[in-house]
Every structure is written in structure tokens, then in C-alpha cells.
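# Summary of structural features
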Amino acid sequence: MIGFPTPGSDAAVGCSAAGCTAPATWRINWRNPRIHSADRVKVWLACDTHRSTLGDYLETRGFPVVISAMDDVVTSVPDRA
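Computed from a predicted model, the values in this text were never measured in an experiment.

Basis of the calculations
Residues numbered from 1 in each chain as written. Predicted model: local features only at pLDDT ≥ 70, side-chain atom pairs only at ≥ 80, totals over all residues. Heavy atoms only, no water. Pairing = 2+ DSSP bridges. Helix = DSSP H or I, 4+ residues; strand = E, 2+ residues; numbered from the N terminus. Axes fitted to C-alpha atoms, helices over the stretch in contact; angles between N-to-C directions. Core = buried A, V, L, I, M, F, W, Y, C linked by side-chain atoms within 4.5 Å. Buried < 20%, exposed > 50% of the residue type's maximum accessible area, 1.4 Å probe, protein only. Contact = heavy atoms within 4.5 Å.

## Section: the sheet that holds strand E2 (residues 42-46)
- In spatial order, the strands read E2-E1-E3; together these three strands make up an open sheet with antiparallel pairing. Of all the strands in the sheet, the pair left with one neighbour each is E2 and strand E3 (65-69). Mean inter-strand twist for the sheet, computed between neighbouring axes without regard to direction, equals 25 degrees.
- The pairing of strand E1 (residues 26-30) with E3 spans five bridges and is antiparallel. Of the residues in E3, the one forming a bridge with Asn29 is Val66.

Below, the structure is given as C-alpha cells:
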């Protein structure tokens, strides 16, 4: 992962939404189940405003998603129920 702070660090990272410059406070953990196993976690970062937008975007495309706080590192994204 490029540019992600380690849990507990003071490094500020921006939201992944296009054009947003707000600091990220959430991790949108996801994966493409057609090509990756549950332990392959991709991460988008989100501010409070874009948390739902980014998560919904991925979920409507059939990707399993786990949303966590910035300090909570997710190591697995299971298939959707």
C-alpha cells in the first residue's frame, strides 16, 4: 500500500474521492472476488462525507466491502452474504 499511515501515526492522508482534499478517517477495504482470494485486501481511503459514496460504488459492482476506522487494519474481506 502506498502512502498509508501505520495505525496510531500522526500522518494525515487524503480522501480517495475524486477532487476531495479532506483528510481520510475511514478505510474502505475491498477486493475483486473473481480474481483475488479473501486475504487480498485493496484499500480506498474516505472522509466522513464520502464514506458511503465510495462503499456503495464498490458494493453495487458486486465487490465485498468492509468499512473500518482509519486505525483498524483489515486483513481479510470475506464474500458477501
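## Some words on the nonpolar core
- Cys15, Ala17, Cys20, Ile28, Trp30, Ala46, Cys47, Leu54, Leu58, Phe63 and Val65 form the largest nonpolar core, which has 11 residues in total.
- Mapped by element, the contributors of at least two residues to this core are E1 and helix H1 (51-59).
- Those residues in contact with Cys47 that sit more than four places away from it in its chain are Cys15, Cys20, Ala22, Pro23, Ala24, Thr25 and Trp26.
- Judged by nonpolar contacts, the second largest core, of eight residues, contains Val13, Val41, Val43 and Leu45.

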